[in-house]
Amino acid sequence: MTTGITPTPVQANPACVINCTWYGADGSQRALDLDSISDVLADDAKGFVWVGLYEPSDAVLDKVQEEFNLHPLAIEDTRKAHQRPKIETYGNSLFVVVHTAQVVDERIRYGETHAFLGPRFLVTVRHGASLSYAPVRARLEQEPELLAMGPSFCLYSVLDAVVDHYLPITDSFRDTLDVLEKDIFADSYKRRTVIRLYELKRELNKMRLAVAPLQDALAQLQRNQAQLINEEVRLYLRDVQDHAARVNDAIDTLREMLGTALSVNLSLVTLAQGETVKQLGAWAALLAAPTLVTSWYGMNFAHMPELAGRFAYPVLMLGVGVICVVLYRLFKRSGWL
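Bear in mind the structure is a predicted one, so any value in this text is a computation, not a measurement. (Residues numbered from 1 in each chain as written. Predicted model: local features only at pLDDT ≥ 70, side-chain atom pairs only at ≥ 80, totals over all residues. Heavy atoms only, no water.)

Draft legend 1. Main features of helix α3 (residues 72-80). Every buried residue of α3 is listed here: Ala74, Ile75, Asp77 and Thr78. Angularly, the buried residues of α3 cover 155 degrees about the axis, an arc narrow enough to put them on a single face. In α3, the exposed positions that point more than 90 degrees away from the buried face belong to Leu73 and Lys80. Summarising the contacts, the buried residues of α3 are in contact with α2 (58-68), β4 (86-90), β5 (93-104), β6 (107-118) and β7 (121-128). (Buried < 20%, exposed > 50% of the residue type's maximum accessible area, 1.4 Å probe, protein only. Helix = DSSP H or I, 4+ residues; strand = E, 2+ residues; numbered from the N terminus. Arc of directions from axis to C-beta. Contact = heavy atoms within 4.5 Å.)

Here's what the structure looks like:
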């Protein structure tokens, strides 16, 4: 569920244009249509424009490219929306790609956010599963001193929101693993436990592919020599990188714990099977002793010892019973029963 302030609608903009706002240096703001962006940028030399798009059409991307003079290679990457996290410099603008994650129907769905950062503009393009950046925008609009840092601070706020959305997912994985550990050490084997452990590890592997490259991208963004990044904003980006590193460490730890849990579960199942085989072997040995004796006396021979004895039958029963008791005590002492 997404929450936040609904921007003032601009009738001239397509539905995929979630936000198109001009922010003045004096803290003022107003909604724009795409066609007027270049004119506004030419008239006011101090403010900046923030355009937010969600799965835009090719026509909208062409219009955005025209208004902001974006590089065609970056626009081509945005059309495909199957990029790795990266930072690329195109003239006087930066092209940033990060992966987003969102829990939908108890499964993690992944998307991408592409951002174009210029001296006086920020364009964010969302693809796939991604929470709205309306809350981020609303918070900044309530604090004009933050907006005064320019579009680079808005980019930081977007990246911070992306990384912060990873944290609840790793926390939920940790809670799920705690529950599954109790099932692993339960007396009865549950096939569903192994399946769930595998599913969690698979989801963590996918998440690591999204988070691990993000750390390099953030480090590259901090070191970028372009004047597009406010020096004070670089300190904030360092904090985002620290959060991303913490998420990545949590993912690695959970992956190791899940691997250990799978190994422990396999070992416990193997031990349980071994105990069962030992018990079956012990009971088979107990049954083998009377079976052997009775099979001897079941043969059709005329002259067999003890056949004519008066107490032969009770003695035979007593002997078989003693043998069974001795074997039972031996197996019990050795832990087979």
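Moving on from the model shown.
Draft legend 2. Examining empty space enclosed by the protein more closely. In this structure the tally under the stated criterion is one cavity of 30 Å³ or more. Of the voids in this model, the largest cavity is the one considered here, and its volume is about 80 Å³. Taken together, Ile18, Trp50, Gly52, Leu53, Thr124, Arg126, Ser132, Tyr133, Ala134 and Arg137 form the lining of the largest cavity. Of all the secondary structure elements, the ones that give two or more residues to the lining of the largest cavity are β3 (48-54), β7 and α4 (134-141). The biggest single contributor to the lining of the largest cavity is β3, with three residues. Its residues assigned to classes, the lining of the largest cavity shows five nonpolar, three polar and two charged. (1 Å grid on protein atoms, 1.4 Å probe; cavity = no way out; pocket = protein on both sides within 12 Å on 5 of 7 lines; lining within 4 Å. Points joined across faces, edges and corners; volume = space filled by probe spheres on them. Nonpolar A, V, L, I, M, F, W, Y, C, P; charged D, E, K, R; others polar.)

Draft legend 3. Quick look at the sheet that holds β3. If you trace the seven strands from one edge of the open sheet to the other, you get β2-β1-β3-β7-β6-β5-β4, paired in mixed fashion. Both outer strands of the open sheet, β2 (29-31) and β4, are each paired with one neighbouring strand and no more. For this sheet, the mean angle separating the axes of adjacent strands, direction not counted, is 20 degrees. Where strand β1 (residues 17-23) lies against β2, three bridges are found, and the strand directions are antiparallel. (Pairing = 2+ DSSP bridges. Axes fitted to C-alpha atoms, helices over the stretch in contact; angles between N-to-C directions.)

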